[in-house]
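Residue strings, one per chain:
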Amino acid sequence: IVWTLLTLWAEKKGQNRLSQFGDAGEKNTALIVYDPDPFYNLDQQICESFGRVLADSGFAVTIATVSAAKELPDSSTNLYVFCANTYNWYPDRAISRFVKNHSHLAGKNVVAITLGAGSTGHSQQAFEEIIKEKKAHLVGSRTYWLWRPNDKTRIRESNVKVAVEMVRKWAKEMTVEVKKG
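Calculation rules
Residues numbered from 1 in each chain as written. Predicted model: local features only at pLDDT ≥ 70, side-chain atom pairs only at ≥ 80, totals over all residues. Heavy atoms only, no water. Buried < 20%, exposed > 50% of the residue type's maximum accessible area, 1.4 Å probe, protein only. Helix = DSSP H or I, 4+ residues; strand = E, 2+ residues; numbered from the N terminus. Contact = heavy atoms within 4.5 Å. Core = buried A, V, L, I, M, F, W, Y, C linked by side-chain atoms within 4.5 Å. Salt bridge = Lys/Arg side-chain N within 4 Å of Asp/Glu carboxyl O. Pairing = 2+ DSSP bridges. Expected span 1.5 Å × (residues − 1).

Asker: Lay out helix α4 (residues 93–101) in plain terms, naming residues and giving numbers.
Answerer: For α4, the set of buried residues is A94, I95, S96, F98 and V99. Its buried side turned inward, α4 meets β2 (28–34), α3 (66–69), β4 (79–87), β5 (90–91) and α5 (121–133).

Right under this line is the structure:
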């Protein structure tokens, strides 16, 4: 009963939060969407790090929680980044529903980020399937962990700090991929 109640509480759609980085006039645009975890803010840190790298690479970036993203007007976004928390081995319901209900993903470049305590393999696979069902072009997908080491050579460092650094490096690679494709 406690596990069910905690799951229902954790799966509840998070608060409305929106931030923007980069020059709004850029031709390359990115929308990063996540549903905030009620326990930790790894998702927010990961999304903001990814967004800052995109902005430094010439993208106009909007980072929004699912609640805020639902209120945004449809636009011609070049890149979508969806970040899902893992609950009970599946991506969280709010972001999954957002992707399933988004009508403009066919043919668009999408990056998937799956977060969890340390068991994210099944969740990542399920999240990728949701994105592929929308006929989107999945240009990259990675997992980052809160408790399990993200880099086994850096186990003495903060796992969150390591994840944020890793996502910055990966975001640079994704900007090159998206801009050339």
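Asker: Outline the nonpolar core, supporting the account with residue identities and numerical values.
Answerer: By size, the foremost hydrophobic cluster in this structure holds 31 residues, and its most contacted members are F50, V61, L79, V111 and I113. In terms of residues, this core owes the most to one element, helix α6 (residues 159–180), which gives eight residues. When residues no more than four places from it in sequence are discounted, the contact partners of V111 are F50, L79, Y80, V81, F82, V139, G140, W170 and M174. If you look at the next biggest cluster of nonpolar residues, it comprises 20 residues, including A64, Y80, A84 and V110.

Asker: Explain the pattern of salt bridges to me, using residue names and the numbers behind them.
Answerer: Overall, the coordinates contain five salt bridges when judged by the stated rule. In this structure, E157 and K161 form a salt bridge, with 3.7 Å as the shortest nitrogen-oxygen distance. With a relative accessible area of 45%, K161 lands in the partly exposed category. We note a salt bridge from E165 to K161, for which the minimum N-O separation is 4.0 Å. In this pair, E165 and K161 are both assigned in helix α6, four residues apart and thus about one turn of the helix distant. By relative accessible area, E165 is classed as partly exposed at 29%.

Asker: Lay out unusual backbone geometry in plain terms, naming residues and giving numbers.
Answerer: Although it is not a glycine, N88 sits at a positive phi angle of roughly 55 degrees. Classification of N88 by relative accessible area gives partly exposed; the value is 28%.

Asker: Help me get a handle on the pairing of β4, residues and values and all.
Answerer: Among the nine residues that make up β4, nine are buried, leaving the element largely enclosed by the rest of the structure. The alternating pattern of β4 places L79, V81, C83, N85 and Y87 and Y80, F82, A84 and T86 on opposite faces, both of which are buried. As defined by bridge partners, β2 adjoins β4 across five bridges and the pair is classed as parallel. Bridging from a neighbouring strand, V33 pairs with F82 of β4. Across seven bridges, β4 lies against strand β6 (residues 109–116) in parallel orientation. What sits directly across from A84, in β6, is T114.

Asker: Talk me through helix α2 (residues 42–56); I want residue IDs and the actual numbers.
Answerer: Side chains of residues three or four places apart in an α-helix project in the same direction, reflecting 3.6 residues per turn. Its 15 residues give α2 an end-to-end C-alpha distance of 21 Å, which sits within 8% of 21 Å, the value for a rise of 1.5 Å per residue. For α2, a buried count of 11 out of 15 residues is recorded, marking the element as mostly surrounded by other parts of the structure. Of the positions making up α2, those classed as buried are L42, D43, Q44, I46, C47, S49, F50, G51, V53, L54 and A55.

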